[in-house]
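Residue-level structure breakdown
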Amino acid sequence: MASEDDVEYRDAIREYRERKDEAFGSSPESPIRREQRGDNFPGLSYFPPDPAYSLVAAVVPFSKPEIVQLGSTKGDIRPQLRYAELLFTVGGQQVRLTGFKDPESDSSDELFVPFRDATTGKESYGAGRYLEAEVERDEHGALIAHLDFNLAYSPWCAYNDAYSCTLPPAENILPVAITAGEKTFTGHA
């Protein structure tokens, strides 16, 4: 039986998704093509909310963070500061992702985490998905980040070919299936 916290968490994720679908289906700033908005917008597809995919990762900053060039879906290059390793366990397996920072941003605690997993190109968008994570200190002073894969989202190019999106680097391909977050958008033509 699900705990009260789990029920509240699932409800919060569902409410967030409803607000996102409403915005994507009606906002002029939406990446959804105009002819697909309004009554024609079916909403996005999601894996069911699962508290097991809301994780805490140990953050290990690289001793010498460097600016790397990440590719994109349209071939342009996106500079990103390769900042830290994020170490965590999912599905009983210890894994790692690299967290990046925008080299032009002054936000010192937000990481951009593009990734692919065993659902990529099957149940989720073929170019990968994204997460943002805030770095903070735990009660012992260690750096951590909360990775909530239930909030994993597809980049805007998943909805509309007019957009170019950063591709996850090879080091951010997980060997496990992350059955949380957004699935492939079926309305993308």
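For the structure given in this document, a descriptive report is provided here. (Residues numbered from 1 in each chain as written. Predicted model: local features only at pLDDT ≥ 70, side-chain atom pairs only at ≥ 80, totals over all residues. Heavy atoms only, no water.)

Regarding the nonpolar core
- L86, F88, V90, F115, L147, F149 and I178 are the most contacted members of the largest nonpolar core, which totals 25 residues.
- Looking at this core, the elements with two or more residues in it are β1 (54-70), β2 (78-90), β3 (93-101), β4 (110-115), β5 (129-137) and β6 (143-148).
- With 5 residues, β2 is the largest single contributor of residues to this core.
- Excluding residues that lie within four positions of it along the chain, V90 makes contacts with Y53, L55, V95, V176 and I178.
- In terms of nonpolar packing, the next biggest core, distinct from the first, is built from 17 residues, F100, F112, A127 and Y159 among them. (Core = buried A, V, L, I, M, F, W, Y, C linked by side-chain atoms within 4.5 Å. Buried < 20%, exposed > 50% of the residue type's maximum accessible area, 1.4 Å probe, protein only. Helix = DSSP H or I, 4+ residues; strand = E, 2+ residues; numbered from the N terminus. Contact = heavy atoms within 4.5 Å.)

Overview of the side chain of D117
- Residue position: D117 is located in the loop between β4 and β5.
- A polar side-chain atom of D117 sits 3.0 Å from a polar atom in the side chain of R129.
- A distance of 2.8 Å separates a polar atom in the side chain of D117 from the backbone nitrogen of I178.
- For D117, the residues in contact, after removing those within four places along its chain, are S124, R129, L174, V176, A177 and I178. (Polar contact = N/O pair within 3.5 Å; in protein donor to acceptor, adjacent residues only side chain to side chain.)

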